[in-house]
Amino acid sequence: MVDSIAATSLLGHRPLWGGLGLYCKDISYKRKFSDVSQFPLMEFLGRRISASPYLPRRGDDRSGALSIKALAMELTKEAHSYRAEERIPRNWRYRIDTGIDRKPGLWPPENKADSSSLHNPLLRQERMGCGWLGAIFEWEGVIIEDNPDLEKQAWLALSQEEGKSPPLAFVLRRIEGMKNEQAISEVLCWSRDPAQLRRMASRKEEIYQALQGGMYRLRTGSQEFVNVLMNYKIPMALVSTRPRKNLETAIGTIGIEGYFSVIVAAEDVYRGKPDPEMFVYAAQLLNFIPERCIVFGNSNQTVEAAHDARMKCVAVASKHPVYELGAADLVVRHLDELSVVDLKNLAAIESTEFGSGEPEMEMEPEEEPYTSTSAAVDDDFW
């Protein structure tokens, strides 16, 4: 390799004395070495080439060849050092300006799924996939079609049976997503007795199921999206304020058993939305921290609860228009508009509103020293 570099590096110059096998003939046809086969030593200095004095003439051909190799190696070193220092930067760690300063504790936390100590490449590839992401779905309005009129009719029918005044429209909007016991005791204020709360909540569910007639219909694109997540082995949870018995019956009716590894029903939590209890409990059952979960809902109460739980939220515009769901991290009309890449990009966004999770120190205002002015007042008074 050195010989080839030497041969190519000395093109366009007169060959060095000896070692190249160049001979000159005289009139007597006797071969002898040419005395003029010399050229100055060339070396690189930046972009210029400077010439040094001629090489001394030596009688040993071998020593001449060694000098050529030494020269070629010196030229190669100079050329490589020039390219490395001025043309090719060795440090490619450019700082990318993302607009957000990375601080310790800022969402999302470091991805602990990958571990260089795993010597099994298949296991490491599986961990580097989508297994670090969890999906939490609401039932009505996200997986199946939702009919808000049936919920209103059920509350109005219950109020007539109990002899209560019918709830107004803004009150019905306020109790959307709440548990029945929570809505009856905290918003409608019909009773505080636990037994009466359970009775009226159960009766309200009976009225709702009778109005619905056991007819469930999947939303467009929901089953396709769930199948994609199943293919990528993303754990999924289903949350709802419906009783577990009714929820499992509906899941069996539409034929999506086995899709959700975790089901959180009304019996599993104390409060519904906008309290984040359902989503936090679902993340615990999935063995995920809240920052690694994405909630799929269809109302602003879901967005509020998800953000309070330090989760990302994808809003599905099934019941509300798109412009009313602007507080969500992403708004779609159907789930099949999303891809796994969208979910991973969404989970990788740093949200500064979550902060570092440490309580901020409150500064107490300094009180000004009290100076009595009674003497001055008395003097002015008298």
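Preceding block: the structure.
Keep in mind that what you see is a predicted model, and the values were worked out from it rather than measured.

Reading the values: rules and limits
Residues numbered from 1 in each chain as written. Predicted model: local features only at pLDDT ≥ 70, side-chain atom pairs only at ≥ 80, totals over all residues. Heavy atoms only, no water. Buried < 20%, exposed > 50% of the residue type's maximum accessible area, 1.4 Å probe, protein only. Helix = DSSP H or I, 4+ residues; strand = E, 2+ residues; numbered from the N terminus. Arc of directions from axis to C-beta. Contact = heavy atoms within 4.5 Å. Pairing = 2+ DSSP bridges. Right-handed = clockwise from strand over helix to strand, strands pointing away. Salt bridge = Lys/Arg side-chain N within 4 Å of Asp/Glu carboxyl O. Phe/Tyr/Trp six-rings, centres within 6.5 Å; stacked < 30°, edge-to-face > 60°. Lys NZ or Arg CZ within 6 Å of the ring centre and 35° of its normal. Axes fitted to C-alpha atoms, helices over the stretch in contact; angles between N-to-C directions. Parallel < 35°, antiparallel > 145°, perpendicular 65-115°, else oblique. Left-handed = near helix turned anticlockwise from the far one by under 90°. Nonpolar A, V, L, I, M, F, W, Y, C, P; charged D, E, K, R; others polar.

Novice: Explain helix α10 (residues 277-285) to me, and be specific about the residues and the numbers.
Specialist: Taken residue by residue, α10 has M278, F279, A282 and A283 as its buried positions. Buried residues of α10, seen end-on, are gathered within an arc of 130° and therefore sit on one face of the element. Those residues of α10 hidden inside the fold are in contact with β5 (134-138), β6 (236-239), β7 (262-264), β8 (293-297) and α11 (300-308). Just downstream of α10, N287 is the residue with a positive phi angle, here 65°.

Novice: Could you give an account of the pairing of β6, with specific residues and numbers?
Specialist: Residues M236 and L238 line one face of β6 and the alternating positions A237 and V239 line the opposite face, and both faces are buried. Summarising the sheet, β6 and β7 pair through three bridges and their orientation is parallel. When the sheet's bridge partners are listed, L238 is paired in β7 with I263. In this fold, the crossover linking β6 to β7 by way of helix α9 (residues 244-254) has right-handed handedness.

Novice: Any details on the pattern of salt bridges? Residues and values, ideally.
Specialist: Tallied over the full model, the rule gives 17 salt bridges. Measuring nitrogen to oxygen at the nearest pair gives 2.8 Å for the salt bridge that ties R242 to E151. Of this pair, R242 sits in the loop between β6 and α9 while E151 sits in helix α4 (residues 148-162), and the two are 91 residues apart along the sequence. Relative accessible area serves as the criterion here: at 7%, R242 is assigned to the buried category. Between E291 and R310 there is a salt bridge, with its nearest N and O atoms 2.8 Å apart. Taken as a pair, E291 in the loop between α10 and β8 and R310 in the loop between α11 and β9 (312-316) lie far apart in primary sequence, 19 residues in all. Residue classification places E291 among the buried positions, given a relative accessible area of 14%. Residues joined by salt bridges that share partners form a network here, namely E140, E151, K204, E205 and R242.

Novice: Requested: an account of α11, with residues and values cited.
Specialist: Turn by turn, an α-helix covers 3.6 residues, leaving residues three or four places apart pointing in a common direction. Burial in α11 covers these residues: Q301, T302, V303, A305, A306 and H307. Tucked into the core, α11 has its buried residues touching β5, α5 (169-174), α10, β8 and β9. Positive phi appears at R310, one or two residues downstream of α11, with a value of about 65°.

Novice: Tell me about the packing of aromatic side chains, and name the residues and values.
Specialist: Using the criterion set out here, one finds five aromatic pairs in the structure. Judged by centre distance (6.2 Å) and plane angle (70°), the ring pair of F137 and F225 falls under edge-to-face. One end of the pair, F137, is in strand β5; the other, F225, is in helix α8 (residues 222-231), with 88 residues separating them in the sequence. F225 matches F137 in its accessibility class, with the two residues each being buried. A ring pair is formed by F137 and F260, whose centres lie 6.1 Å apart and whose planes are at 70°; its orientation type is edge-to-face. One end of the pair, F137, is in strand β5; the other, F260, is in the loop between α9 and β7, with 123 residues separating them in the sequence. Note on accessibility: F137 and F260 belong to one class, buried. Among the aromatic residues, those joined into a cluster by ring pairs are F137, F225, F260 and F296. One cation-aromatic arrangement involves K204 over Y208; the distance from NZ or CZ to the ring centre is 5.6 Å.

Novice: Lay out the packing of α4 against helix α7 (residues 194-212) with the relevant residues and their values.
Specialist: Their axes nearest at 9 Å, the elements α4 and α7 cross at an angle of 130°. Looking at the two axes, α4 sits oblique to α7. Crossing geometry of α4 relative to α7 is assigned as right-handed. Residues L150, E151, Q153, A154, W155, A157, L158, E161 and E162 of α4 touch α7, and the partners they reach there are R199, M200, R203, K204, I207, Y208, L211 and Q212. When the residues that make up the contact of α4 with α7 are grouped by side-chain class, the tally is nine nonpolar, two polar and six charged.

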